Amino acid sequence: MLETRPVIWFWRRCDEENNSVVRDFLFAKYPCQAAVTNNPVEVTMSKTYNPLEMPHELTPELKAYYDDRPLMWRNICWYMVLTTGWSVFGAVINPLITLRLNSPVIGMGERMIGSISATNSYLVSFLVMYFSWKSDHTVTRWGRRIPFLWISAPFTIVTLIMFPYIENVLLLVGVLIVKYFFMDMFYSTVVLLPIDMVPRKLLARVHVLPGIVLGLLSFAALRYGMKLADISEKLPFLLGAGVMLVCTLLGGFNIKEPPIREPTTESFKPWSALKVGMRDRRMIVLMLAFPMMGCLLNLYNTWIWLFAKNVLHLTRTEMGASLSWASILGMALGFPCAWLIDRINPYKMAAVFLGLNACLFFLLMQVSSARRLILVAFMVVLVSCLGNVVSMVVFRSAHPAEVGSVTSSLALINNAFSATTVLISGQLIEGLGHNYKAAFIFGLCVCALGFCMLLFYRHLMKGGRLVTKTAYEPIATVPLPAVSTVESELKK
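Residues numbered from 1 in each chain as written. Predicted model: local features only at pLDDT ≥ 70, side-chain atom pairs only at ≥ 80, totals over all residues. Heavy atoms only, no water.

Asker: Explain the overall build of the chain to me, please; I cannot follow it from the model alone.
Answerer: Each helix and strand counted, the chain has 21 helices and three strands in total. Taking contacts inside the chain between residues at least 6 apart in sequence as the whole, the part at least 24 apart equals 83%. Carbon and sulfur atoms make up 64% of the accessible area of the chain, which amounts to about 23,300 Å² in all. (Helix = DSSP H or I, 4+ residues; strand = E, 2+ residues; numbered from the N terminus. Contact = heavy atoms within 4.5 Å. Areas by Shrake-Rupley, 256 points an atom, 1.4 Å probe, with all protein chains shown as cover.)

Asker: What is the right way to look at the packing of helix 3 (residues 69-101) against helix 6 (residues 169-189) in this model?
Answerer: Packed helix pairs are characterised by how far apart their axes lie and by the angle those axes make with each other. For the pair helix 3 and helix 6, the least separation of the axes is 14 Å and the interaxial angle reads 155°. With respect to each other, helix 3 and helix 6 are oriented roughly antiparallel. Helix-helix and strand crossings are classified by hand; for helix 3 and helix 6 the assignment is left-handed. Seen from helix 3, the contacting residues are Trp86, Phe89, Asn94, Ile97, Arg100 and Leu101; seen from helix 6, they are Leu172, Leu176, Lys179, Met183, Phe186 and Tyr187. Of the residues belonging to the contact of helix 3 with helix 6, the class tally is nine nonpolar, one polar and two charged. (Axes fitted to C-alpha atoms, helices over the stretch in contact; angles between N-to-C directions. Parallel < 35°, antiparallel > 145°, perpendicular 65-115°, else oblique. Left-handed = near helix turned anticlockwise from the far one by under 90°. Nonpolar A, V, L, I, M, F, W, Y, C, P; charged D, E, K, R; others polar.)

Asker: I tried to follow the nonpolar core on my own but got confused; where do I start?
Answerer: Grouped burial of nonpolar side chains is what soluble globular proteins tend to show. Of all hydrophobic cores here, the largest spans 108 residues; its most connected members are Leu101, Trp303, Leu364, Leu373 and Val376. Ranked by the residues each element gives to this core, the list is headed by helix 3, at 15 residues. Setting aside anything within four residues of it in sequence, one finds Leu364 in contact with Leu296, Tyr300, Ile304, Phe307, Val376, Lys437 and Phe440. The next biggest cluster of nonpolar side chains, apart from the first, holds five residues, and it includes Leu127, Phe148, Phe182 and Met185. (Core = buried A, V, L, I, M, F, W, Y, C linked by side-chain atoms within 4.5 Å. Buried < 20%, exposed > 50% of the residue type's maximum accessible area, 1.4 Å probe, protein only.)

Asker: Quick question: what am I supposed to make of the side chain of Arg100 here?
Answerer: Structurally, Arg100 is set in helix 3. The residues touching Arg100, leaving out its near neighbours within four places in the chain, are Val105, Ile106, Phe163, Pro164, Ile166, Glu167, Leu172 and Glu233.

Asker: I keep staring at helix 3 and nothing clicks. Help me out?
Answerer: One turn of an α-helix holds 3.6 residues; hence residues three or four places apart share an orientation. Between the first and last C-alpha of helix 3 there are 47 Å, a value that for 33 residues agrees with the 48 Å anticipated at 1.5 Å per step. Approximately 35° is the largest bend angle found in helix 3, and it occurs at Ile93, with the proline Pro95 only one to four residues beyond. Backbone nitrogen of Leu71 and a side-chain oxygen of the N-cap are separated by 3.2 Å at the start of helix 3; the cap is Asp68. (Expected span 1.5 Å × (residues − 1). Bend = angle between axes of the 7 residues up to and from the residue. Polar contact = N/O pair within 3.5 Å; in protein donor to acceptor, adjacent residues only side chain to side chain.)

Asker: Explain the packing of aromatic side chains to me, please; I cannot follow it from the model alone.
Answerer: For any two aromatic rings, the description comes down to two numbers: the centre-to-centre distance and the angle of the planes. Evaluated as defined, the whole model comprises 14 aromatic pairs. Taken together, the ring pairs connect Tyr130, Phe131, Phe155, Phe181 and Phe182 into an aromatic cluster. Above the face of the Phe163 ring, Arg100 is positioned so that its terminal group lies 5.6 Å from the ring centre. The positively charged end of Arg458 is found above the aromatic ring belonging to Tyr347, 4.8 Å away from the centroid. (Phe/Tyr/Trp six-rings, centres within 6.5 Å; stacked < 30°, edge-to-face > 60°. Lys NZ or Arg CZ within 6 Å of the ring centre and 35° of its normal.)

Asker: Just to check I follow, could you spell out helix 6 for this structure?
Answerer: Between its terminal C-alpha atoms helix 6 stretches 30 Å, which fits the 30 Å expected from 21 residues at 1.5 Å a residue. Those residues of helix 6 that sit buried are Leu172, Val173, Val175, Leu176, Lys179, Phe182, Met183, Asp184, Met185, Phe186, Ser188 and Thr189. Of the residues that open helix 6, the one with a side-chain oxygen 3.1 Å from the backbone nitrogen of Leu170 is Asn168.

Asker: Looking at this structure, I do not really get the pattern of salt bridges. What am I missing?
Answerer: When charged atoms on two side chains of opposite charge get close, those side chains can pair. Applying the stated criterion across every chain yields a total of four salt bridges. For the salt bridge of Arg111 with Glu430, the shortest nitrogen-to-oxygen distance reads 3.3 Å. Of this pair, Arg111 sits in helix 4 (residues 110-136) while Glu430 sits in helix 19 (residues 403-431), and the two are 319 residues apart along the sequence. Judged by relative accessible area, Arg111 falls into the partly exposed class, the value being 33%. Residue class for Glu430 comes out partly exposed when judged on its relative accessible area of 27%. Among the ionic pairs, Asp230 bridges to Arg316, the shortest N-O distance being 3.3 Å. Placement of Asp230 in helix 9 (residues 208-231) and of Arg316 in helix 14 (residues 316-323) is noted, with a sequence separation of 86 residues between them. A relative accessible area of 22% means that Arg316 is categorised as partly exposed. (Salt bridge = Lys/Arg side-chain N within 4 Å of Asp/Glu carboxyl O.)

Asker: Would you mind showing me how to read the confidence of the model for the chain here?
Answerer: Close inspection of predicted coordinates is inappropriate in any region flagged by low pLDDT. Taken as a whole, the chain shows an average pLDDT of 76; of its residues, 72% reach a score of 70 or greater. Of the regions scoring below 50 in pLDDT, residues 1-56 engages in 116 contacts with residues more than four places distant in sequence or in other chains. Between residues 465-480, whose pLDDT stays under 50, and residues either more than four places distant or in other chains, the model counts 40 contacts. (pLDDT = per-residue confidence, 0-100.)

Asker: Which parts of the structure should I look at to understand a nonpolar patch on the surface?
Answerer: Nonpolar side chains collect at one region of the surface, where Ile151, Phe155 and Val178 lie side by side and expose about 230 Å² of accessible area between them. Judged by relative accessible area, which is 43%, Phe155 ranks as partly exposed. (Patch = residues over 30% accessible without salt bridge, like charges linked within 9 Å, V, L, I, M, F, W, Y side chains within 5 Å.)

Asker: I'm lost on the packing of helix 16 (residues 346-366) against helix 20 (residues 436-460) in this one. Help?
Answerer: Remark: helix 16 packs on helix 20, axes separated minimally by 10 Å, with the N-to-C direction vectors making an angle of 170°. It follows that helix 16 is roughly antiparallel to helix 20 by the angle criterion. On helix 20, the residues that touch Tyr347, Ala350, Ala351, Leu354, Asn357, Ala358, Phe361, Leu364 and Met365 of helix 16 are Lys437, Phe440, Ile441, Leu444, Cys447, Ala448, Phe451, Leu454, Tyr457 and Arg458. Partitioning the contact of helix 16 with helix 20 into residue classes produces 16 nonpolar, one polar and two charged.

Asker: Even after reading the chapter, I still don't get unusual backbone geometry, so can you show me in this structure?
Answerer: Most peptide bonds adopt trans geometry, and most residues besides glycine take a negative phi value. The backbone of His313 sits at a positive phi, close to 55°, despite the residue not being glycine. Residue placement: His313 occurs in the loop between helix 13 (295-310) and helix 14. With a phi close to 60°, His434 is a non-glycine residue in the positive phi region. Its location among the elements puts His434 in the loop between helix 19 and helix 20. Assessed through its relative accessible area of 46%, His434 is described here as partly exposed.

In structure tokens:
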């Protein structure tokens, strides 16, 4: 293993060619963990290898794990089985929960529904960072992600079974709080399994098959799950709980995690990642542009089921039949849209994204039947496929050593801003007499303002990468290899 020792990290972009070469050499050869100090930046060599970033630094045990292709595909297949049950929960049960909260039996208005959803998003902003960090440093015989499956699954399944039988509003809110908490735990830890189990060079290709299978399952679940809800409101919840239980047991007992063990050496510090991710204050403008441009899409996903119920007066069967087609179209357009995002200027794609949002808004203002709702669903897929344009600008702007910190910072701002817009939209809808179109107008206005923020960020970045010059200054040294030595190592 490598010894822990401070090293120089040269942050100057192209000021001195030698420094740039050495910087690239250090990043390529060693797994590094940045620790931010007041002045300057200090990088500490990790005592543990990171096999997902540096495959050439694998220990023999990890190398044997990643070289075992039959084991990798078995793990992926069992992961697909595991996520099948939870995807059914998300595709069918979550809309049914929203519809039941707004039903005459419960009588919860849009203001209260929006407040519950916003509260969960505020909490997720911090819970994601904690649960992800905790799972990274968990060491058990099951691995580091699966233990969180065993913790979250029982509570989620029990609340799922209880939900359709409860009519007391306060008790129902308590059940929702428990459900949201343990669902947040699941989606902060267990969904990281594919990144752990698959070598980086195969990660994108391995993700194709689960995406296709889950898209087909979501299509079937929406069409037939909503039809079951019109027959019996309790039946989808009970069947969903059964499917989740079986899939959890099959996946949890058969997935073999890689032997990556990194016990906790210090306490959780939620602000450390934010200090790195937001060291350049102009990144805050870009990170705000991301949730702002996605505002209309976020409000659509929040309110479309109640809009279809209260404005279009559709049955749950008609809603499922209309909105399920989006799953099929999404599978067909996912890769072409990703190819466009990778190869075309992101600011141009952001302009296209804004135009598609305007088209979506126009269709939402005109929709009046189940057939037109299908057209709306197709437009939503187009918007969703380009929804990562701004986030790609964020990740491309980040230094490779800071991607994790930037990602955490972006998630915090995104969840907090999205929660605020949902909270405001709920107040608008109920305050204006259940006018859902007011929320969509609000969403489009925020989306347009987000595009202006993106252009403002582009203007700010014309002056260079970082505002704080002290962050670039080198620190006291250890002996560095000669440039010729570095170049020969890089060639290898």
